[in-house]
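# Analysis of the macromolecular model
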Amino acid sequence: MRVRVPAKINLHLGVGESRADGYHELLTVFQAVDLHDEVTATAAADLSLAIEGAETGGVPDDSDNLAWRAAELLGDEYGVPPRAALRIRKSIPVAGGMAGGSADAAATLLACSVLWGLDLPRPELALLAAELGSDVAFALTGGTALGTGRGEQLTPALATGQFHWVLALADFGLSTADAYRELDRQRAAGTADDPLGPPDALLDALRAGDAVRVAAELGNDLQPAALALAPQLRATLRAGTELGALAAIVSGSGPTCAFLVADGGAATALAAALAGEGVCRTTRVTAGPVPGARVSS
Ligand code: C5P
């Protein structure tokens, strides 16, 4: 059973108060983009995990991996022994702010649900996804969506046409928890930027399919925290803007930077130019929205 699952970009990441459970109240707009991990689940005597592909650095192949926990949670909830050989082929950058670990967990839920003959409807998978992490439910759904709560409560958002992105991948990772902690520190010290307002203008621009207006409305409350943890990202963002991107933004908690451009040709040109600037490990051309986790064989 093979499942393809996309990465996400937060077009808007509004971070509210921190809650008693340690999470922050979010108002976010996710977009799934055409950069996929692939999870294969095969019948086996017990649970195992192998990681392969281009982006594997530091990914655990045991119960520390959210995909492993997804298989165990699904088995527990439905009274099925969690027997599967899981193989994750990674293309989504690790600890990159693109929800790669969450994507793998979402894909594992879907793959094991089918492998074990549960064939759960999407809403039941979404409940388990929300238990596993803030971004797991969106990886199942894909498309473009408004996320509230800690990001797991989703409402689909209309986006017309395709939006073209260039991604600058870093040669290091950032911890999501560290980025939120740094934002809390900046807010407590009174040095944080004002929080973003609601994303109404962004949602309008998405409906209209207007990349220039979308570019003007991108925003990320975590960006100053990511830049404090990794100041070299300023040069990456600046290079993309100087090379003609419509907008430059840190993706989620970083360190991946995302550049919105007008079309596929502009994306190819910007990716090549950025690669020559020495401000990132590598670049990827991508587009969104794309569907969420799907069985591919
Ligand atoms: O839910 P997930 O495991 O992806 O979150 C990773 C960490 O990011 C959490 O442990 C928390 O520190 C932080 N986080 C947060 N508020 C959110 C989502 C994540 O503080 N809404």
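Check the entry above for the structure.
Below is a summary of the structure that appears in this document. Predicted model, so just to flag it, every value in this text is computed and none were measured. Residue indices begin from 1 for each chain and proceed along its sequence in written order. Reporting in this predicted model follows two pLDDT cut-offs: at least 70 for local features of residues, and 80 or more for side-chain atom pairs to be given and counted; totals over whole chains, interfaces and linings ignore these cut-offs and use all residues. The basis for every side-chain value is the complete set of heavy atoms in the structure, and neither hydrogens nor water enter the calculation.

## Describing the side chain of Asn-10
A run of H or I in DSSP counts as a helix once it spans at least four residues, and a run of E counts as a strand once it spans at least two, with each numbered from the N terminus. Locating Asn-10 in the fold gives a position in strand 1 (residues 2-18). Its relative accessible area of 3% is what places Asn-10 among the buried residues. A distance of 2.5 Å separates a polar atom in the side chain of Asn-10 from a polar atom in the side chain of Lys-8. Polar contacts, as counted here, are pairs of nitrogen or oxygen atoms within 3.5 Å of one another; within protein the pair requires one atom able to donate a hydrogen and one able to accept it, and residues that are adjacent in sequence qualify only if both atoms are side-chain atoms. Among the polar contacts made by the side chain of Asn-10, one reaches the side chain of Thr-28 at a distance of 2.9 Å. Whether two residues are in contact is decided by their heavy atoms, any of which lying within 4.5 Å being enough. Beyond its immediate stretch of four places on either side in the chain, Asn-10 contacts Thr-28, Val-29, Phe-30, Ile-249 and Gly-252. Classification of residues uses two cut-offs on accessible area relative to the type maximum, computed with a 1.4 Å probe and protein chains only: under 20% is buried, over 50% is exposed, and between them is partly exposed.

## A short note on the packing of helix 1 (residues 66-78) against helix 2 (residues 100-115)
A pair of packed helices is characterised by two quantities: the angle between their axes and the separation of those axes. Convention adopted: a line fitted to C-alpha atoms gives each axis, helices being fitted over their contacting stretch, and angles between N-to-C directions are expressed from 0 to 180 degrees. Here helix 1 crosses helix 2 at 35°, and the two axes come no closer than 8 Å. Helix 1 and helix 2 meet at a crossing whose hand is right-handed. Contacts from Leu-66, Ala-67, Ala-70, Ala-71 and Leu-74 of helix 1 reach helix 2 at Gly-101, Ser-102, Asp-104, Ala-105, Thr-108, Leu-109, Cys-112 and Ser-113. Broken down by class, the residue content of the contact of helix 1 with helix 2 amounts to eight nonpolar, four polar and one charged. Definitions for this section: a left-handed crossing has its near helix turned counterclockwise from the far helix by less than a right angle. A right-handed crossing has that turn clockwise. For this classification, the nonpolar set comprises Ala, Val, Leu, Ile, Met, Phe, Trp, Tyr, Cys and Pro, the charged set comprises Asp, Glu, Lys and Arg, and every other residue, Gly included, is treated as polar.

## A short note on a negative patch on the surface
A grouping of Glu-72, Asp-76, Glu-77 and Glu-131 is seen on the molecular surface, where their side chains present a negatively charged patch. If one sorts the elements of the negative patch by residue count, helix 1 sits on top with three residues. As for its placement among the helices and strands, Glu-131 is situated in helix 3 (residues 122-132). The exposure class assigned to Glu-131 is exposed, which follows from its relative accessible area of 53%. Patches draw on residues past 30% relative accessible area with no salt bridge. Two like charges within 9 Å are joined, as are two nonpolar side chains (Val, Leu, Ile, Met, Phe, Trp, Tyr) within 5 Å. For accessible areas, the Shrake-Rupley method is used with a probe of radius 1.4 Å. Any residue's cover is judged against the shown protein chains and nothing else. Here, a salt bridge means any side-chain nitrogen of Lys or Arg that lies within 4 Å of a carboxyl oxygen of Asp or Glu. This count recognises Lys and Arg as positive and Asp and Glu as negative, with His and chain-terminal groups excluded. Just so you know, the charge point we use is NZ for Lys, CZ for Arg, CG for Asp and CD for Glu.

## Topic: helix 3
For helix 3, the complete set of buried residues consists of Leu-125, Leu-128, Ala-129, Ala-130 and Leu-132. Elements in contact with the buried residues of helix 3: helix 1, helix 2 and helix 4 (136-141).

## Here's the deal with the pairing of strand 9 (residues 247-250)
Strand pairing requires that DSSP identify at least two bridges connecting the strands. Bridge analysis of strand 9 against strand 10 (residues 257-261) gives four bridges, and the strand direction is antiparallel. Residue pairing in the sheet places Ala-247 in a bridge with Leu-260 of strand 10. Counting the residues in the hairpin turn of strand 9 and strand 10 gives six residues, including Gly-252, whose phi is positive at 55°.

## Regarding the sheet that holds strand 11 (residues 282-288)
On the basis of which strands lie adjacent, the open sheet formed by four strands has the order 9-10-7-11 and antiparallel pairing. The open sheet has two edge strands, strand 9 and strand 11, and neither has a second partner. Within this sheet the neighbouring strands show an average axis-to-axis angle of 25°, counted without direction. Against the sheet, helix 10 (residues 264-275) contacts strand 7 (163-169), strand 10 and strand 11, and its axis sits at roughly 15° relative to strand 7.

## Points about the site of the ligand
The near set for a molecule or strand comprises every residue that places at least one heavy atom within 4 Å of it. Close contacts around the ligand come from Gly-22, Tyr-23, His-24, Leu-26, Gly-133, Ser-134, Arg-150, Thr-176, Ala-177 and Tyr-180, and that covers them all. Note that an oxygen atom of the ligand is positioned 2.6 Å from one of the side-chain N or O atoms of Ser-134. Between the ligand and Arg-150 there is a distance of 3.1 Å, counted from a nitrogen atom to a backbone nitrogen or oxygen. Relative to its unbound accessible surface of 450 Å², the ligand loses 76% to contact with the protein. At the level of secondary structure, the elements contributing two or more residues to the shell around the ligand comprise strand 2 (24-42) and helix 5 (176-189). With three residues, the top contributor of residues to the shell around the ligand is helix 5. Of the residues assigned to the shell around the ligand, the class counts are four nonpolar, five polar and one charged.

## Examining the nonpolar core
By nonpolar core we mean a set of buried residues, namely Ala, Val, Leu, Ile, Met, Phe, Trp, Tyr and Cys, connected to one another through side-chain atoms within 4.5 Å. Judged by nonpolar contacts, the single largest core of 62 residues is most densely connected at Trp-165 and Leu-206. Among the elements that make up this core, the one with the highest residue count is helix 2 (eight residues). Ranked by size, the runner-up nonpolar core spans 19 residues in total, among them Ala-168, Ala-239, Cys-257 and Phe-259.

## What about the pairing of strand 3 (residues 47-53)?
Bridging between strand 3 and strand 4 (residues 84-90) involves seven bridges; their strand directions are parallel. Pairing of Ile-51 across the sheet is with Ile-88, part of strand 4. Crossovers are marked right-handed if the path from the first strand over the helix to the second runs clockwise, as seen with the strands pointing away from the viewer. In the classification by handedness, the crossover that spans strand 3, the intervening helix 1 and the parallel strand 4 is left-handed.

## Regarding the packing of aromatic side chains
Two aromatic rings, drawn from Phe, Tyr or Trp (for Trp, its six-membered ring), form a pair once their centres lie within 6.5 Å of each other, and the interplanar angle then sorts them: stacked below 30 degrees, edge-to-face above 60, tilted otherwise. Following the criterion strictly, the structure yields one aromatic pair and no others. The interplanar angle of 10° and the centroid separation of 4.5 Å between the aromatic rings of Phe-30 and Phe-138 together place this pair among those described as stacked. Taken together, the residues Phe-30 in strand 2 and Phe-138 in helix 4 connect sequence positions 108 residues apart. Taking relative accessible area as the criterion, Phe-30 reaches 1% and is therefore assigned buried.

## Structural notes on the state of the cysteines
When the sulfur atoms of two cysteines come within 2.5 Å, that pair is taken as a disulfide. With the rule as written, the count across this model stands at zero disulfides. The thiol of Cys-257 is not disulfide-bonded; the next cysteine sulfur, from Cys-280, is found 8.4 Å away.

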